[in-house]
Number of protein chains: 2
Amino acid sequence: MGEIAADSSHPRYKSLLLRHRLEKAAKKGMLAASALIAHGRGEAFDYLLGEVTTASALIATQQAAIRLNSAKRPIICLNGNVVALAGKELLLVADALNCPVEVNIFYRTPERMAALLNHLQAIKEKLNLDIEILGANPDAKIPGLEGPRANCTSKGIFSSDVILVPLEDGDRCEALVAMGKFVIVVDLNPLSRSARMGDLTIVDELTRFAENLLTAIGESHTLQDFDNDRFLSDAHNRIVSNATNQ
Amino acid sequence: MGEIAADSSHPRYKSLLLRHRLEKAAKKGMLAASALIAHGRGEAFDYLLGEVTTASALIATQQAAIRLNSAKRPIICLNGNVVALAGKELLLVADALNCPVEVNIFYRTPERMAALLNHLQAIKEKLNLDIEILGANPDAKIPGLEGPRANCTSKGIFSSDVILVPLEDGDRCEALVAMGKFVIVVDLNPLSRSARMGDLTIVDELTRFAENLLTAIGESHTLQDFDNDRFLSDAHNRIVSNATNQ
């Protein structure tokens with residue numbers, strides 16, 4: 001793995017690099033076992049998408065930048081895979097937006113929360129960023145969810161108006177929509193519950209999305225009406241078309 | 001996870017049960033991190049296949065039963081995911097065929113080999129089976145492979161004529177074909193290198209395949225000429241058709 005990942009000419013370089021990030025994160029105790037399985041599902045869908053950001057997904061990303069830029073209380077929600085794959089890029093996005101991030105994980109244990117918070121803190125210090133990393137001390141509940149997965153912070157997720165939740169579970173996505181928030185989802189499967197539940201769905205691989213979002217936040221894009229179903233069907237059509245022609 | 005997996009009425013019951021088996025295996029040290037990612041990719045393809053054994057895959061499975069039944073030195077090759085998902089069923093197949101199994105893993109470490117061999121030994125004792133479990137003491141090399149992944153046993157994989165290698169890596173699959181063996185592959189992605197390399201490819205989820213194989217070995221099926229590309233294109237067409245109609 002190590003030697004393959006180091007060779008950027010390898011046709012699977014990017015995919016192996018992401019896998020390597022997850023394997024390192026797993027060793028640090030940042031991930032649940034199901035997180036790796038979820039990544040594999042994503043890999044298969046990205047393969048079918050052609051492993052590129054589609055024009056449609058780029059437009060959706062630009063719309064996400066506009067919504068986050070114009071929000072009163074934007075927030076970026078980070079789980080284990082998100083931190084492992086694009087923690088750095090999303091902290092840079094939060095810095096550019098001047099908004100907090102909140103660690104919020106499905107299988108919540110004190111050990112995993114500590115591992116994720118420490119990892120983010122290290123990135124923050126290295127890049128000398130002035131952002132708030134929430135999640136250590138939840139003091140509110142997301143209505144409609146049960147157990148530890150309902151936990152959130154009152155000044156973070158709970159009171160946010162626009163929320164970016166990449167790679168999110170369908171139940172939580174639905175609960176956030178029910179709270180009246182504008183929910184921006186990133187998911188490689190256009191048919192997943194999260195993808196269909198979100199107000200704005202970017203069907204793209206997370207690290208490509210994060211880099212594009214960082215660029216788009218610094219650009220000037222026009223707020224447009226959009227049809228989220230159209231973004232989903234564009235992605236679906238691409239998958240069918242690629243699968244048919246292989 | 002535990003409580004969901006216990007409820008067989010849950011629409012994702014089977015999928016969650018398999019995930020649970022892998023998570024338990026991961027905790028026992030039986031799996032590399034990449035094994036969970038590979039399972040996730042398989043899940044996505046199985047979802048697109050409709051999570052059922054196709055008529056074409058069942059015919060391929062019956063052909064596998066015939067080839068294994070009529071082989072001089074059949075063998076079943078087991079890696080981490082295979083042991084975790086269908087170790088029991090494949091030991092029963094080996095018992096019915098009166099053939100050995102061999103543990104053979106891509107990322108070979110003494111700890112993982114020991115965990116896998118112990119797990120299989122426990123199943124063997126519980127079911128009171130009289131089968132040989134090889135792999136602990138490799139004394140031969142698969143030509144064309146480098147490092148520990150070339151290791152095999154002379155009385156097992158090395159001298160076999162018909163080899164069942166579920167969920168196998170493409171390189172090893174190619175190397176086994178180059179040795180002149182009849183290679184039977186089980187893979188959910190009909191476009192994978194392993195699927196295209198094998199002499200006979202069953203595009204089906206491993207536990208469904210293992211149960212069907214066990215049944216087919218006890219039945220009388222006729223040896224037929226078959227076109228493996230046809231099995232692959234049947235699966236591919238099913239995936240495209242299901243994706244189109246969703």
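Residues numbered from 1 in each chain as written. Chains lettered and ligands numbered in written order. Predicted model: local features only at pLDDT ≥ 70, side-chain atom pairs only at ≥ 80, totals over all residues. Heavy atoms only, no water.

**With respect to the overall build of chain A**
So the rule is basically this: Starting at the N terminus, helices and strands are each numbered in turn, a helix being any DSSP run of H or I of at least four residues and a strand any DSSP run of E of at least two. Each radius of gyration is computed over the set of C-alpha atoms, and the globule rule expresses the reference value as 2.2 Å times the number of residues to the power 0.38. Burial here depends on accessible area, computed with a 1.4 Å probe over protein chains only, as a share of the maximum for the residue type. Under 20% is buried, over 50% is exposed, and the range in between is partly exposed. In what follows, residue pairs with any heavy atoms lying within 4.5 Å of each other are defined as contacts.
From N to C terminus, chain A includes 10 helices and 8 strands. For 246 residues, the compact-globule estimate of 2.2 N^0.38 gives 18 Å, and chain A sits close to it at 17 Å. Projecting the C-alpha coordinates of chain A onto the three principal axes gives extents of approximately 50 × 45 × 35 Å. For chain A, with 246 residues in total, the buried portion stands at 55%. Sequence separation of at least 24 residues holds for 65% of the intrachain contacts in chain A that already meet a minimum separation of 6.

**A word on the pattern of salt bridges**
What counts is decided by this rule: Think of a salt bridge as a Lys or Arg side-chain nitrogen and an Asp or Glu carboxyl oxygen that are within 4 Å of each other.
Enumeration according to the criterion identifies 19 salt bridges over all chains in this entry. With a closest N to O distance of 3.2 Å, Asp234 of chain B and Arg230 of chain B form a salt bridge. Placement of both Asp234 of chain B and Arg230 of chain B in helix H10 (residues 228-244) is noted, with a separation of 4 residues, approximately one turn of the helix. Note on Arg230 of chain B: relative accessible area 51%, which makes it exposed. Because the salt bridges share partners, they merge into one network encompassing Arg19 and Glu43 of chain A together with Arg41 of chain B.

**Side note on helix H3 (residues 33-49) of chain A**
Under the convention used in this document: The length a helix should cover is 1.5 Å for every residue beyond the first.
Compared with an ideal rise of 1.5 Å per residue, which puts 17 residues at 24 Å, H3 of chain A spans 25 Å between its outermost C-alpha atoms and is within 8% of the ideal. Backbone geometry just after H3 of chain A places Gly50 of chain A at a positive phi near 95°.

**What about the sheet that holds strand S1 (residues 74-78) of chain B?**
Residue and element names in this part refer to chain B. Rules: Only strands that DSSP links by at least two bridges are regarded as paired with each other. Here an axis means a line fitted to C-alpha atoms, over the contact stretch when the element is a helix, while the angle between two N-to-C directions is reported on a 0 to 180 degree scale.
Overall, parallel pairing links the 6 strands, which are arranged S3-S2-S1-S6-S7-S8 in an open sheet. With partners counted over all chains shown, the strands left at the sheet margins are strand S3 (133-134) and strand S8 (200-202), one partner each. Sitting on the sheet, helix H4 (residues 55-69) touches S1, strand S6 (162-166), strand S7 (182-186) and S8, and the angle it makes with S8 is about 130°. Packed on one face of the sheet, helix H7 (residues 170-178) meets S6 and S7 and runs near 155° to S7.

**Examining the interface of chain A and chain B**
Stated formally: Buried area: the sum, over both parts, of the accessible surface (1.4 Å probe) that disappears when the two are put together. Identification of polar contacts relies on pairs of N or O atoms within 3.5 Å, with a donor-acceptor requirement for protein atoms, meaning one able to donate a hydrogen and the other able to accept it, and with residues adjacent in sequence counted only if both atoms are side-chain atoms.
Each partner contributes residues to the interface: chain A has 24 residues there, and chain B has 24 residues. Taken as a group, Leu36, Ile37 and Arg41 of chain A account for 23% of the area that chain A buries against chain B, more than any other trio of residues on that side. At the junction of chain A and chain B, the tally comes to 2 salt bridges. A salt bridge links Arg41 of chain A to Glu43 of chain B, with the shortest nitrogen-to-oxygen separation between them at 2.6 Å. Taken together, the connections running from chain A to chain B amount to 6 residue pairs in polar contact (both at pLDDT 80 or more).

**Quick notes on the sheet that holds strand S6 (residues 162-166) of chain A**
All names here are of chain A. Taken in spatial order, the 6 strands of this open sheet run S3-S2-S1-S6-S7-S8, and their pairing is parallel. Only two strands of the sheet have a single neighbouring strand rather than two, namely strand S3 (133-134) and strand S8 (200-202). Summarising the sheet, strand S2 (residues 101-103) and S3 pair through 2 bridges and their orientation is parallel. Of the residues in S3, the one forming a bridge with Glu102 is Leu134. Helix H5 (residues 80-97) contacts strand S1 (74-78), S2 and S6 of the sheet and is inclined by roughly 165° relative to S1.

**Structural notes on the packing of H3 of chain A against helix H10 (residues 228-244) of chain A**
All names here are of chain A. The test is simple: An angle below 35 degrees is read as roughly parallel, one above 145 as roughly antiparallel, one from 65 to 115 as roughly perpendicular, and any other as oblique. Charged residues are taken to be Asp, Glu, Lys and Arg, nonpolar residues to be Ala, Val, Leu, Ile, Met, Phe, Trp, Tyr, Cys and Pro, and polar residues to be all remaining types, Gly included.
It is at 7 Å that the axes of H3 and H10 come closest, and there the two elements cross at 75°. In terms of orientation, H3 and H10 fall into the roughly perpendicular class. Judged by residue contacts, Phe45, Leu48 and Leu49 of H3 engage Ala235, Arg238, Ile239, Asn242 and Ala243 from H10. In terms of residue class, the contact of H3 with H10 is made up of 6 nonpolar, 1 polar and 1 charged.

**Describing the pairing of S6 of chain B**
Regular strands show a simple pattern: their side chains alternate between the two faces of the sheet. Residue and element names in this part refer to chain B. In terms of burial, S6 is largely enclosed, as 5 of its 5 residues are buried. Neither face of S6 is open: one carries Val162, Leu164 and Pro166, the other Ile163 and Val165, and all of them are buried. With 3 bridges connecting them, S1 and S6 associate as parallel partners. The partner of Pro74 across the bridge, within S6, is Val162. When S6 meets S7, the two strands line up parallel, connected through 5 bridges. The partner of Val162 across the bridge, within S7, is Phe182.

**Observations regarding the environment of Met30 of chain A**
Residue and element names in this part refer to chain A. In this structure, Met30 sits in the loop between helix H2 (13-27) and H3. Here the alpha-carbon distance between Met30 and Glu168, two residues 138 residues apart in the chain, equals 16 Å. Once residues within four sequence positions are removed from consideration, Met30 is found in contact with Ala25, Gly80, Val83, Ala84, Arg112, Ala115, Leu116 and His119.

**Quick notes on the relation of the copies chain A and chain B**
The condition is simple: The copies are overlaid by a least-squares fit using only the C-alpha atoms of residues whose pLDDT is at least 70 in both copies.
For the pair chain A and chain B, the relating rotation is 180°, the translation along its axis is 0.0 Å, and the fit reaches an RMSD of 0.0 Å. Taken together, the turn and the small shift mark the pair as related by a two-fold rotation axis. A high fraction, 100%, of the interface residues of chain A reappear at the interface in chain B, so the copies pair face to face through one surface.

**Notes on unusual backbone geometry**
If a residue is not glycine, its phi is most likely negative; likewise, a peptide bond is most likely trans. Residues and elements named next belong to chain A. Here the phi dihedral of Asn128 falls at roughly 55°; this positive angle occurs in a residue that is not glycine. Residue placement: Asn128 occurs in the loop between helix H6 (110-127) and S3. A relative accessible area of 68% means that Asn128 is categorised as exposed. Phi angles above zero are rare outside glycine, and Leu167 is one such case at about 50°. Among the secondary structure elements, Leu167 is positioned in the loop between S6 and helix H7 (170-178). Residue Leu167 is classed as partly exposed on the basis of its relative accessible area of 31%.

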